Amino acid sequence: MKIELELLEPMYSTYHHYGASTAIIKSNPTIKNWYLNNAINLYCSTRFTRGYTTPELGICNAHWQQNDIFEIKNYPFTHITGCTNTVIHNLLNDGYYVYFNGVDDYYIKGKTWYKEQHFIHNGLICGYDTVEKTYCIYAYNSKWKYERFWTPQKCFDKGRLYAKKQGAKGGLWALKPKSDIINFSINDVCKEISKYLDSNMSKYPEDKCWSVYGIVVHEYIAKYMDKLYDGSIPYERMDRRVFRLIWEHKRVMLEIIGKIEQELMLGNEISKKYKLLVSEADTMRMLYASHHMKRRDAVLPIIKKKLLKLMDEEKKLLTLLIEKIEGKV
């Protein structure tokens with residue numbers, strides 16, 4: 001028997017738990033509107049200013065656990081010992097996507113760290129084949145591309161059992177979209193963008209905040225560039241994901257702006273200008289990725305300058321958008 005559930009291209013895919021949120025909504029694509037309405041505010045930690053090596057950049061509400069639009073069932077591995085694969089098969093047969101955590105990438109053929117290093121990680125199972133004895137997994141693969149691939153079931157089992165021996169408390173989460181129809185809400189989006197803009201260094205000072213929200217996150221990522229440049233965060237420990245998430249954030253914001261302009265008949269002045277910011281974010285992403293592949297410290301100040309300029313331009317455009325919305329709604 002072979003089962004393979006359908007996937008959509010996710011809104012955010014920097015992290016597996018973000019990707020799963022909108023990849024699994026084929027049966028109810030209106031769920032995307034929930035994320036457009038609610039998942040647009042950046043956040044980061046300030047721990048990197050005190051010795052940590054990642055800014056822990058994220059998007060508020062982008063995790064599938066942060067809402068009630070999915071049916072969710074949890075199966076800790078300790079509760080399904082001896083029947084883990086039967087549970088996975090039964091869930092997939094019933095239309096549930098299976099998100100897993102606490103499995104070592106080292107043993108999963110095709111995954112990022114296969115046969116390279118032990119890394120207890122996560123991913124999404126969206127299919128199985130009982131003849132080939134394989135699972136279809138949606139995750140970052142050995143080429144660092146986020147896509148589906150088939151891996152032997154025995155590899156998954158080895159990764160799960162090894163992680164268990166290391167004390168990892170892993171498990172499965174069965175995910176299925178609910179059937180509720182969700183509409184795009186300009187009022188909700190307006191509130192979220194206003195919260196995003198209500199953010200600066202005075203509100204989130206480095207010495208008093210552990211978590212930072214909103215547009216000022218760009219200034220903190222600029223500080224992260226400084227620490228990479230001066231070596232206080234080692235090159236070998238740089239977080240390779242930072243500028244991918246910033247680029248994805250700008251793509252989603254552009255989609256939101258376009259929908260608002262269309263619904264309120266505002267023309268395309270703002271989205272046309274904002275599209276340039278998406279392109280600039282992509283340029284920063286590629287510069288940062290090239291630095292990760294081959295160290296070139298000289299690009300870090302360039303990225304920082306581009307990032308701060310992007311922040312200023314974004315603030316102007318989103319402020320103008322709010323003004324136009326308030327004039328129409």
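Residues numbered from 1 in each chain as written. Predicted model: local features only at pLDDT ≥ 70, side-chain atom pairs only at ≥ 80, totals over all residues. Heavy atoms only, no water.

(A) Representation of the packing of aromatic side chains in the model. Counted according to the given criterion, the structure contains 18 aromatic pairs. When the centroid spacing of 5.4 Å and the interplanar angle of 50° are considered together, the rings of Tyr107 and Tyr162 count as tilted. A residue pair is termed long-range when its members are at least 10 positions apart, and Tyr107 in the loop between strand 5 (97–104) and strand 6 (120–129) and Tyr162 in helix 4 (residues 153–165) qualify at 55 residues. Pairwise contacts between aromatic rings join Trp113, Phe119, Tyr138, Tyr140, Trp144 and Tyr146 into one cluster. Positioned over the ring face of Tyr96 is Lys176, at 4.2 Å from the centre of the ring. (Phe/Tyr/Trp six-rings, centres within 6.5 Å; stacked < 30°, edge-to-face > 60°. Helix = DSSP H or I, 4+ residues; strand = E, 2+ residues; numbered from the N terminus. Lys NZ or Arg CZ within 6 Å of the ring centre and 35° of its normal.)

(B) Highlighting unusual backbone geometry. The phi torsion at Asn61 lies on the positive side, around 70°, for a residue other than glycine. Tracing the sequence through the fold places Asn61 in the loop between strand 3 (58–59) and strand 4 (70–76). A positive phi angle, near 55°, is found at Met265, a position not held by glycine. The topology assignment puts Met265 in the loop between helix 7 (242–264) and helix 8 (269–293).

(C) Molecular detail of the nonpolar core. Tyr12, Leu57, Phe243 and Ile260 are the most contacted members of the largest nonpolar core, which has 109 residues in total. Setting aside anything within four residues of it in sequence, one finds Ile260 in contact with Phe184, Ile186, Val189, Met265, Leu266, Leu321 and Ile325. (Core = buried A, V, L, I, M, F, W, Y, C linked by side-chain atoms within 4.5 Å. Buried < 20%, exposed > 50% of the residue type's maximum accessible area, 1.4 Å probe, protein only. Contact = heavy atoms within 4.5 Å.)

(D) Inspection of the sheet that holds strand 3 at higher detail. Pairing in this open sheet of three strands is antiparallel, and the strands run 3-2-10 from one edge to the other. Whereas interior strands pair on both sides, the edge strands pair on one side only; in this sheet they are strand 3 and strand 10 (211–213). Where strand 2 (residues 42–45) lies against strand 3, two bridges are found, and the strand directions are antiparallel. Residue pairing across strands places Leu42 opposite Ile59, the latter belonging to strand 3. (Pairing = 2+ DSSP bridges.)

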